[in-house]
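Okay, here's what each chain looks like letter by letter:
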Amino acid sequence: MIASASLLMLASGAAHAVVNAVLKSGGDKMSSRALIDGSSALLILPLAFLVPLPAGSWGWLFTSISIHFVYLVCLIKAFEGADMSAVYPVMRGSAPVLAATVSVLWLRDPITPAVVAGTLLVSLGTVLVAWWNSPSRRSLGWALATGAMIATYTVVDARGIRSTPDAMSYIVWLFLLHGLLIALSFALWRGPRFIAEARAQWRPGLIAGAMSLVTYGLALWAYRLGDVPRLAALRETSILFGVLIAWLFLKEQVGKARLAGAGLIAGGAALLLAVR
């Protein structure tokens, strides 16, 4: 189960980087996010008729959806003000330490010195990735707020998916309700601009919506199988993929500091993978 959860989280990290690259490359970030989450909801809708209702986890579901809404607003604001390679590591790297702390204190998940060391390596690597060419204070603030929301919804969703007898029901209803809320709210927020963006970006939005199902669906399943501290840090291997995508496809500058930070992240991930 430990090995399965780890592999699920590594795959989740890779898919997550792709989703955020699509969001960053889009014109209007809020409209792009509405397309992504609306696509996820439409794709997952048929499964809502095949799985049971998520008994015992409605409270966790609606709490998670509220936190995700705030998370996405912070994420969009961070991406609007700085390069992906500058803010993405900050938001993702600040989350594992916070998530590990809360999950140990609240969920009573076990943690070992090796997991602590691996988590710290991942977080230190992300700081180094963003150290040179750092974002503005405003963008940094949004990135840190995003990290806090990531840590919060990670722990809430780990608790939620463990509270229901059927893990798939929690995953399906979370994506369905969350996607509909975000798509409707952000589309109304942007008004006519959303219509123009939808016409131009519906294909990448649909692809990113499918990838979004993959990335967080895998993460949720992993949280049901394993402990949050190690898995939350492993998911931040998405930073490695994110830096690579930002360099190769978004044509952002990636210097030695970011490469060294990526090495620390890889080392931390290797340590976490070795934990049994």
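Structure report, in brief. (Residues numbered from 1 in each chain as written. Predicted model: local features only at pLDDT ≥ 70, side-chain atom pairs only at ≥ 80, totals over all residues. Heavy atoms only, no water.)

**Let's talk about the overall build of the protein**
So the rule is basically this: Every helix listed is a DSSP run of H or I at least four residues long, and every strand listed is a run of E at least two residues long, numbered separately from the N terminus. Exposed residues in this analysis have more than 50% of their type's maximum accessible area, buried residues have under 20%, and partly exposed residues fall in between, with area computed by a 1.4 Å probe over protein chains only. Here, residues are in contact when the closest pair of their heavy atoms is within 4.5 Å. Note that accessible areas follow from Shrake-Rupley with a 1.4 Å probe, and for residues the cover is restricted to the protein chains shown.
Counting its secondary structure elements, the protein contains eleven helices and zero strands. The helix and strand sequence of the protein, counted from the amino end, reads α-α-α-α-α-α-α-α-α-α-α. Burial statistics for the protein: of 276 residues in total, 54% are counted as buried. Across the protein, contacts joining residues at least 24 apart in sequence account for 91% of those joining residues at least 6 apart. Accessible surface for the protein amounts to roughly 11,700 Å². Of this, 71% is attributable to carbon and sulfur atoms.

**Description of helix H7 (residues 167-190)**
The α-helix advances 3.6 residues per turn, and as a result positions three or four apart in sequence lie on the same side. Using the following cut-off: Residue count minus one, scaled by 1.5 Å, sets the expected span of a helix.
Look at H7: 34 Å from first C-alpha to last across 24 residues, which is about the 34 Å you get at 1.5 Å a residue. One or two steps after H7, the chain reaches Gly191, where phi turns positive at roughly 65 degrees.

**Here we look at the packing of aromatic side chains**
Keep this limit in mind: Centres within 6.5 Å make a pair out of two Phe, Tyr or Trp rings, where for Trp the six-membered ring is used; the pair is then stacked when the planes are under 30 degrees apart, edge-to-face when over 60, and tilted otherwise.
For the structure shown, the criterion picks out six aromatic pairs. Here the aromatic rings of Tyr153 and Tyr216 are separated by 5.5 Å at their centres, their planes lie at 90 degrees, and the arrangement is edge-to-face. Here Tyr216 lies in helix H8 (residues 192-225) and Tyr153 lies in helix H6 (residues 137-163), a separation of 63 residues in the sequence. Tyr216 gets classed as buried once you look at its relative accessible area, which sits at 6%.

**Focus on the pattern of salt bridges**
Here is the rule we go by: Basic side-chain nitrogens of Lys or Arg form a salt bridge, by our definition, when they fall within 4 Å of a carboxyl oxygen of Asp or Glu.
Following the criterion strictly, the structure yields one salt bridge and no others. Between Asp37 and Arg33 there is a salt bridge whose closest N-O contact spans 2.6 Å. Pair noted here: Asp37 and Arg33 are both in helix H2 (residues 29-44), with a separation of four residues, about one helical turn. Considered together, Asp37 and Arg33 belong to a single accessibility category, that of buried residues.

**Notes on the nonpolar core**
Test applied: Remark: nonpolar core denotes a set of buried residues (Ala, Val, Leu, Ile, Met, Phe, Trp, Tyr, Cys) joined through side-chain atoms within 4.5 Å.
Counting 58 residues, the largest nonpolar core has Phe79, Val87, Met91, Leu174, Phe186, Tyr216 and Leu220 as its most contacted members. Mapped by element, the contributors of at least two residues to this core are helix H1 (2-25), H2, helix H3 (58-81), helix H4 (84-107), H6, H7, H8 and helix H9 (228-235). In terms of residue count, H7 provides more of this core than any other element does, eleven residues in total. Setting aside chain neighbours within four positions, we find Val87 in contact with Ala78, Phe79, Ala82, Pro135, Ser139 and Ala143.

Remember that the coordinates give geometry; whether it matters functionally is a separate question.
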